[in-house]
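Coordinate inspection notes
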Amino acid sequence: MFFVMVLVDIIIIFSFLFIALRKGDIHIKNRMWVYLFISGFLFQIVFLLRKHWEVYLLSLNTSLWYVLTVVQADNAFWEELAKLLAVLTVVYFLDKNMMVQFKDLKYSTAIFTYTGLAYGIGEAMSLMFLLYNPQYGRVFGMQFPVGTFVGFVYVFERFFAIQMHGIMGGIIGIGFSRYVFNKRFASLLIYFVVAMLYHMFIDNFAMFFQYYPVLRSVLIYAYVVFLLSSTLLGYVLLYFLYKNAIKVERRV
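How each quantity is defined
- Within any chain, residue numbers begin from 1 and follow the written order of that chain's sequence.
- The predicted nature of this model means local features are confined to residues of pLDDT at least 70 and side-chain atom pairs, given and counted, to a pLDDT of 80 or more, with totals for whole chains, interfaces and linings taken over all residues.
- Each side-chain value is worked out from all heavy atoms of the structure, with water and hydrogens disregarded.
- For the purposes of this entry, the term helix denotes a DSSP run of H or I that reaches at least four residues, the term strand denotes a run of E that reaches at least two, and both are numbered from the N terminus.
- Each radius of gyration is computed over the set of C-alpha atoms, and the globule rule expresses the reference value as 2.2 Å times the number of residues to the power 0.38.
- Residue contacts are counted whenever heavy atoms from the two residues lie within 4.5 Å of one another.
- Surface accessibility in these figures is a Shrake-Rupley result with a 1.4 Å probe; residues are shielded only by whichever protein chains are displayed.
- His residues and chain termini do not enter the charge count, which takes Lys and Arg as positive and Asp and Glu as negative.
- To locate a charge, the coordinates of NZ of Lys, CZ of Arg, CG of Asp or CD of Glu are taken.
- Each nonpolar core is a collection of buried residues, namely Ala, Val, Leu, Ile, Met, Phe, Trp, Tyr and Cys, held together in the definition by side-chain atoms within 4.5 Å.
- To sort residues, take the accessible area from a 1.4 Å probe on protein chains only and compare it with the maximum for the residue type: under 20% means buried, over 50% means exposed, and anything in between is partly exposed.
- UniProt positions are given in the numbering used here, feature names are shortened, and annotations may be inferred rather than shown by experiment.
- For helices, the axis comes from a line fit to the C-alpha atoms of the stretch in contact; other axes are also lines fit to C-alpha atoms, and the angle between any two N-to-C directions lies between 0 and 180 degrees.
- A clockwise turn of the near helix away from the far one marks a right-handed crossing, whereas an anticlockwise turn of less than a right angle marks a left-handed crossing.
- For classification, angles of less than 35 degrees are called roughly parallel, those exceeding 145 degrees roughly antiparallel, those between 65 and 115 degrees roughly perpendicular, and all remaining angles oblique.
- Only the six-membered ring of Trp is used, alongside the rings of Phe and Tyr, when aromatic pairs are assigned; centres must lie within 6.5 Å, and planes under 30 degrees apart are stacked while those over 60 apart are edge-to-face, with the rest tilted.
- Here, over-ring charges are defined by two tests on the NZ atom of lysine or the CZ atom of arginine: distance to the ring centre within 6 Å, and angle to the ring normal within 35 degrees.

1. Quick look at the overall build of the chain
The secondary structure content of the chain amounts to eight helices and zero strands. Going residue by residue from the N terminus, the α and β elements of the chain occur as α-α-α-α-α-α-α-α. The globule rule puts the C-alpha radius of gyration for 252 residues at 18 Å, and the 18 Å found for the chain is close to it. Dimensions along the principal axes, computed over C-alpha positions, put the chain at roughly 55 × 35 × 35 Å. Long-range pairs, those at least 24 residues apart, make up 79% of the contacts in the chain between residues at least 6 apart in sequence. Carbon together with sulfur atoms contributes 71% to the accessible area of the chain, which is approximately 13200 Å² in total. Within the chain, one finds 20 positive and 12 negative side-chain charges whose respective centroids are separated by 8 Å.

2. With respect to the nonpolar core
Ranked by internal contacts, the top residues of the largest apolar core, which has 71 residues, are M5, W33, F102, I111 and I174. Of all the secondary structure elements, the ones that give two or more residues to this core are α1 (2-23), α2 (30-47), α4 (64-94), α5 (105-132), α6 (152-182), α7 (185-211) and α8 (216-251). Of the residues forming this core, the biggest block, 15 residues, is contributed by α5. Apart from residues lying up to four places away in sequence, I111 is in contact with I28, W33, L36, V87 and F102. Grouped together as the second largest cluster of nonpolar side chains are seven residues, L64, Y66, V67 and L68 included.

3. Some thoughts on the UniProt feature "transmembrane region" (unreviewed entry) in the chain
Mapped onto this numbering, the UniProt entry gives "transmembrane region" (unreviewed entry) at residues 6-21, 33-49, 111-132, 139-156, 162-181, 188-212 and 218-242. Between the C-alpha atoms that bound residues 33-49 there is a distance of 26 Å. The span itself is 88% helix and 0% strand. Helix makes up 100% of residues 111-132 and strand 0%. Its end C-alpha atoms lie 32 Å apart.

4. Considerations on the packing of α5 against α6
Two measures define how a pair of helices packs: the angle their axes make with one another and the distance between the axes. Interaxial distance between α5 and α6 falls to 6 Å at its minimum, and their mutual angle equals 145°. The handedness of the crossing between α5 and α6 is right-handed.

5. A short note on the environment of L85
Tracing the backbone shows L85 in helix α4. Sequence separation between L85 and I12 is 73 residues, and the spatial gap between their C-alpha atoms is 22 Å. Once residues lying within four places of it in the same chain are set aside, the contact partners of L85 are F43 and F47.

6. Observations regarding unusual backbone geometry
Although it is not a glycine, K183 adopts a positive phi angle of roughly 60°. By secondary structure assignment, the location of K183 is in the loop between α6 and α7.

7. Considering the packing of α6 against α7
Close contact between α6 and α7 brings their axes to 7 Å; oriented N to C, the two are set at 170°. With respect to their mutual orientation, α6 and α7 come out roughly antiparallel. On α7, the residues that touch M164, H165, I167, M168, I171, I172, I174, G175, F176, R178, Y179 and N182 of α6 are F185, S187, L188, Y191, F192, V194, A195, Y198, H199 and I202.

8. Points about the packing of aromatic side chains
Tallying each qualifying case throughout the model produces 22 aromatic pairs. Judged by centre distance (6.2 Å) and plane angle (55°), the rings of F47 and W78 are tilted. Here the residue F47 occupies a position in helix α2, and W78 occupies one in helix α4, the gap between them amounting to 31 residues. Judged by its relative accessible area of 28%, W78 falls in the partly exposed class. The interplanar angle of 10° and the centroid separation of 4.3 Å between the aromatic rings of F205 and F226 together place this pair among those described as stacked. Note that F205 is positioned in helix α7 and F226 in helix α8, a separation of 21 residues in sequence. A connected cluster of aromatic rings, assembled from ring pairs, spans F102, Y107, F112, F176, Y179 and F185. Directly above the ring of Y119 sits K83, whose terminal nitrogen or CZ lies 4.4 Å from the centroid. Directly above the ring of Y92 sits K96, whose terminal nitrogen or CZ lies 4.4 Å from the centroid.

Now the structure itself:
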């Protein structure tokens with residue numbers, strides 16, 4: 001199943017590159033695509049260490065609404081911050097000349113979407129590793145049942161989750177372009193919060209599996225529909241925000 005997951009990852013990332021390079025006319029140095037992928041992938045693993053902090057938050061309160069608000073908001077904040085820092089790290093240390101190009105809305109959205117996809121792939125692979133090797137979970141403050149079977153259901157879910165992370169990254173990319181364009185931090189903050197809210201919307205649905213196990217047999221079918229619809233909703237949201245940002249730029 002590991003190789004199936006790798007194959008899915010390759011299909012997603014190269015499909016995006018084909019669209020970005022051929023259809024989107026996004027051109028950066030080939031090595032920068034590699035660095036951005038590595039950065040997004042590794043930042044996901046490094047930021048898994050935040051789970052120790054989440055364990056502390058859960059020790060304070062385990063009620064459903066507390067988890068859906070405080071804990072999930074904290075989780076979304078760190079994951080979106082990781083995507084932002086993954087891009088900024090590459091730009092700052094490897095090619096500072098890229099910064100001015102982020103004024104181009106299409107360029108910024110593409111770069112952050114790509115890095116978000118890399119982050120999602122990092123999540124898919126790291127979680128798979130921990131499911132197969134639960135003894136390492138304590139390094140990140142996570143617990144996994146021994147002998148967990150990772151099948152096509154996991155690959156199916158991750159296929160959509162990777163795209164969702166790309167969408168979140170793209171939303172942040174729109175905000176970052178607005179920030180570079182008008183030097184207003186509020187522009188970046190607004191889009192960052194929108195990405196967080198979309199993230200929370202997705203994760204909160206999954207939380208019901210843990211709090212209402214009796215409904216699990218019903219929710220599992222609803223979850224499939226939810227994955228499809230929420231991914232589509234994400235693309236619609238990204239498109240709407242992108243088009244709206246273009247209109248704003250034209251007024252300036």
